[in-house]
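Summary of structural features
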Amino acid sequence: MSGHTPGPWMYDMGYTGAMIHQYDPNGYKTPIGCPRYIADVHQHTTDDGPAQSEADARLIAAAPELLEVLAEVEALTEGAHDYATDTGPSCWIDVHGLVVEIRAAIAKARGEG
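None of the values given here were measured: they were computed from a predicted structure. (Residues numbered from 1 in each chain as written. Predicted model: local features only at pLDDT ≥ 70, side-chain atom pairs only at ≥ 80, totals over all residues. Heavy atoms only, no water.)

1. Details of the nonpolar core
Membership of the largest hydrophobic core is limited to 6 residues, which are Trp9, Ala18, Ile20, Val41, Ala57 and Ala61. Secondary-structure elements contributing two or more residues to this core are strand 2 (17-22) and helix 1 (49-61). Residue contacts for Ile20: discarding those within four places in its chain leaves Trp9, Met10, Tyr11, Tyr37, Ile38, Ala39, Val41, Ala57 and Ile60. (Core = buried A, V, L, I, M, F, W, Y, C linked by side-chain atoms within 4.5 Å. Buried < 20%, exposed > 50% of the residue type's maximum accessible area, 1.4 Å probe, protein only. Helix = DSSP H or I, 4+ residues; strand = E, 2+ residues; numbered from the N terminus. Contact = heavy atoms within 4.5 Å.)

Here it is in C-alpha cells:
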C-alpha cells in the first residue's frame, strides 16, 4: 500500500457539498487541468447541512497536518521515555514550537484559522 496524497489539502464548497484536493502554491494541475482530487463531501440533508458538510471538509483537509503533528507528538513521547532512562540533554526539544503547530492544525480542522 502506498502513502496518502501529500499535503497540504484544501477544500472548495459547491452547491452539493465540498471537493477536497491537494493544494499546490505553484498551481500544479493534473494532465486534464484539474487539481489533484482527494474526495467529495456530500451536503447533508439536515437543517445544518451546509455547515456540517463544511466542517467535515475542513477536518478531512486538515488530515495531513494532523498526521504530521501527531508523529511529532509520538517522537516527543519517545523522547520523554528516553529522558526517564537517560538524563542527557539530547532529549530536550522545542516544546513551544510543537504546541504552536498542534494549535494551528487543530484550528484548521475547526475552521478557526
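2. Points about the side chain of Ser53
Mapped onto the secondary structure, Ser53 falls in helix 1. Once residues lying within four places of it in the same chain are set aside, the contact partners of Ser53 are Met13, Val41, His42, Gln43 and His44.

3. Description of the side chain of Gln22
Its place among the elements puts Gln22 in strand 2. Since its relative accessible area comes to 15%, Gln22 is described here as buried. A distance of 2.9 Å separates a polar atom in the side chain of Gln22 from the backbone oxygen of Pro6. (Polar contact = N/O pair within 3.5 Å; in protein donor to acceptor, adjacent residues only side chain to side chain.)

4. A look at the sheet that holds strand 2
If you walk across this open sheet you meet the 3 strands as 1-2-3, and the pairing is antiparallel. One side of each edge strand has no neighbouring strand; the edge strands of this open sheet are strand 1 (9-14) and strand 3 (37-42). The sheet shows a mean angle of 20° between the axes of neighbouring strands, taken without regard to direction. This element, helix 1, spans strand 1, strand 2 and strand 3 of the sheet and lies at about 165° to strand 1. (Pairing = 2+ DSSP bridges. Axes fitted to C-alpha atoms, helices over the stretch in contact; angles between N-to-C directions.)

5. With respect to the pattern of salt bridges
Counting across every chain of the model gives 1 salt bridge. Two residues, Glu65 and Lys108, come together in a salt bridge whose shortest N-O distance is 3.1 Å. With Glu65 in helix 2 (residues 63-85) and Lys108 in helix 3 (residues 95-110), this pair connects stretches of sequence that are 43 residues apart. (Salt bridge = Lys/Arg side-chain N within 4 Å of Asp/Glu carboxyl O.)

6. Some points on the pairing of strand 2
Regular strands show a simple pattern: their side chains alternate between the two faces of the sheet. Among the 6 residues in strand 2, 5 count as buried, and that is most of the element. Between strand 1 and the antiparallel strand that follows it, strand 2, lie 2 residues. One ladder, built from 5 bridges, connects strand 2 with strand 3; its direction is antiparallel. Within strand 3, the residue paired with Met19 across the bridge is Asp40.

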